[in-house]
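# Per-entry structural report
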Amino acid sequence: VEKLLDDRWIGGAEFSPDGRTLVLSGSPSAFAGLGRNLPEGVQANDYGGQLYLWSLDERAPAALTRDFVPDVSQVAWCAADGMIYARCIDTQFSNIYRVKPGKGTPAWERVATGFGYTDEIVLPRKGATAVARGTDATTPNRVHAVDLRKNSARLLHDPGATAWQDVVFGQSERWVAPLPNGEELDGRIYYPPGFDPARTYPLIVYYYGGTSPVTVDFGGRYPKNVWAGEGYVVYVPEPSGATGYGQAFAARHVNDWGRLTATEVIESTRAFLAAHPWADPDAVGCIGASYGGFLTEYVITQTDLFAAAVSHAGISSISSYWGEGLWGYAYGARALADAFPWSDRDLYVEQSALFNADKITTPLLLVHGDGDTNVPVGESDQLFTALKLLGREVEYVQIQGQDHWVLDHEQRIVWNDTILA
């Protein structure tokens with residue numbers, strides 16, 4: 001066994017077909033910041049995926065994606081054509097890109113998989129046909145054959161064709177919100193089936209606001225199509241800090257904790273209401289989970305814009321989450337860089353909903369798996385207690401035996417019905 005390198009910010013490695021080079025996946029901070037494309041002094045979001053080449057002859061790294069805007073989540077080196085294929089978070093989408101390693105600036109090319117969200121691609125050892133699986137905003141899982149020479153895709157298998165043949169989906173489209181500071185915030189709208197702009201619709205605002213964007217994959221943990229099917233319009237803003245929009249945008253996540261993102265959620269929602277007269281300004285709800293649950297709780301300390309709010313597995317006190325959550329201090333190394341409870345009281349206290357509970361007037365539903373190891377259930381316990389003592393409108397539902405995700409089928413139905421209610 002020969003040790004090649006030791007770098008805490010490298011997470012994976014793949015051999016070249018000839019075995020002489022490794023493509024390494026990691027964060028911008030790997031190799032003392034070799035993958036950084038940021039101004040001096042700006043801390044990178046280390047959930048942003050970068051690639052590096054490592055020659056076994058030269059024993060030295062070279063940055064492969066430093067000037068590449070999408071963030072790499074998976075990588076494979078194809079034996080058939082010698083190209084590196086990367087599955088990337090690319091704004092709201094998950095796309096496959098490829099590059100032929102060589103000297104000079106890498107020329108990345110997008111692979112036409114036929115999906116807005118490509119879950120995976122399986123590359124050939126010989127020949128030029130790959131197989132990809134993916135979805136779109138209103139299209140369930142399908143499998144496509146991808147011609148790597150022609151860069152085109154065709155349907156290979158549609159297992160949901162029969163199951164979904166009687167289901168009508170509303171339309172979905174991208175919508176960009178103008179913000180008061182002159183910036184624009186990316187986002188998406190999900191419309192109810194049979195949408196009529198002459199009618200008035202209640203609005204659900206859903207966001208994550210953490211390390212990644214809300215992508216256009218079908219269904220998922222928080223099924224926008226289901227909500228739209230119940231007669232809501234669903235608006236999904238993409239607050240600052242998300243990967244897939246370049247390193248500078250992603251870096252805003254570090255030590256923000258609502259300072260920027262809460263304002264963006266509020267202002268983009270106001271812009272949405274101003275631009276869409278069919279959205280009822282008196283019937284706007286907000287919902288998020290995990291970091292998005294934290295953001296829900298913090299947002300309603302800052303505004304009374306929303307008629308109702310839902311927080312699933314939200315963080316109400318950054319300090320208790322930091323110390324007790326399974327990923328607390330480890331996630332904090334990225335999202336709370338060089339900030340600790342004893343050194344940054346303004347961040348840990350002032351940005352926590354628990355310490356601002358008296359400012360909450362929006363009716364709030366807290367939902368939490370009682371076996372959650374990522375965000376301990378006490379995060380909801382303590383905010384519920386505070387709001388009860390304050391006499392505010394709050395409800396709290398624990399899901400027995402469930403961790404950070406609600407996976408039990410029957411409980412998932414009740415959990416979703418609870419949110420809709």
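Scroll up for the structure.
By convention here, each chain's residues receive numbers from 1 onward along its written sequence. This being a predicted model, a pLDDT of at least 70 is required before a residue's local features are given, and a value of 80 or more before pairs of side-chain atoms are given or counted; all residues contribute to the totals for chains, interfaces and linings. The side-chain figures draw on all heavy atoms in the structure; neither hydrogens nor water molecules are used.

Attention shifts here to the side chain of Gln402. The helix and strand labels rest on DSSP assignments: H or I over at least four residues marks a helix, E over at least two residues marks a strand, and numbering proceeds from the N terminus. Examined against the element boundaries, Gln402 turns out to sit in the loop between β22 (394-399) and α10 (409-420). Setting aside its immediate chain neighbours within four residues, Gln402 contacts Gly369, Asp370, Gly371, Asp372, Leu407, Asp408 and Gln411. Every residue pair with non-hydrogen atoms within 4.5 Å of one another is taken to be in contact.

Each residue's exposure class comes from its accessible area (1.4 Å probe, protein chains only) as a fraction of the maximum for that residue type: buried when under 20%, exposed when over 50%, partly exposed otherwise. For helix α5 (residues 291-299), a buried count of nine out of nine residues is recorded, marking the element as mostly surrounded by other parts of the structure. Burial in α5 covers these residues: Tyr291, Gly292, Gly293, Phe294, Leu295, Thr296, Glu297, Tyr298 and Val299.

Attention now goes to the pairing of β22. As a general feature of sheets, a regular strand has side chains that alternate between the two faces. Two strands form a pair only when DSSP identifies at least two bridges running between them. Alignment of strand β21 (residues 364-369) against β22, held across six bridges, turns out to be parallel. For Gly369, the partnering residue across the bridge sits in β22 and is Ile399. Orienting the strands away from the viewer, one traces the path from the first strand over the helix to the second; a clockwise path indicates a right-handed crossover. This β-α-β element, β21 to helix α9 (residues 378-389) to β22, shows right-handed connectivity.

Axes here mean lines fitted to C-alpha atoms, for a helix over just the part in contact, with angles spanning 0 to 180 degrees between N-to-C directions. Relative to each other, helix α4 (residues 261-275) and α5 sit at 70°, their axes nearing to 10 Å. One way to sum up the angle between α4 and α5 is to call them roughly perpendicular. On α5, the residues that touch Thr261, Ala262, Val265 and Ile266 of α4 are Leu295, Tyr298 and Val299. Amino acid classes used here: Ala, Val, Leu, Ile, Met, Phe, Trp, Tyr, Cys and Pro are nonpolar; Asp, Glu, Lys and Arg are charged; the rest, including Gly, are polar. Split into classes, the residues belonging to the contact of α4 with α5 amount to six nonpolar, one polar and no charged. Orientation is classified from the angle alone, with under 35 degrees giving roughly parallel, over 145 giving roughly antiparallel, 65 to 115 giving roughly perpendicular, and any other angle giving oblique.

With that settled, consider the pattern of salt bridges. Salt bridges, as used here, are contacts in which a Lys or Arg side-chain nitrogen is within 4 Å of a carboxyl oxygen on Asp or Glu. In total, this model carries 10 salt bridges according to the counting rule given. Between Asp158 and Arg142 there is a salt bridge, with its nearest N and O atoms 3.4 Å apart. Taken as a pair, Asp158 in the loop between β12 (152-157) and β13 (172-174) and Arg142 in strand β11 (residues 139-147) lie far apart in primary sequence, 16 residues in all. A single salt-bridge network, built from bridges that share partners, covers Asp119, Glu120 and Arg133.

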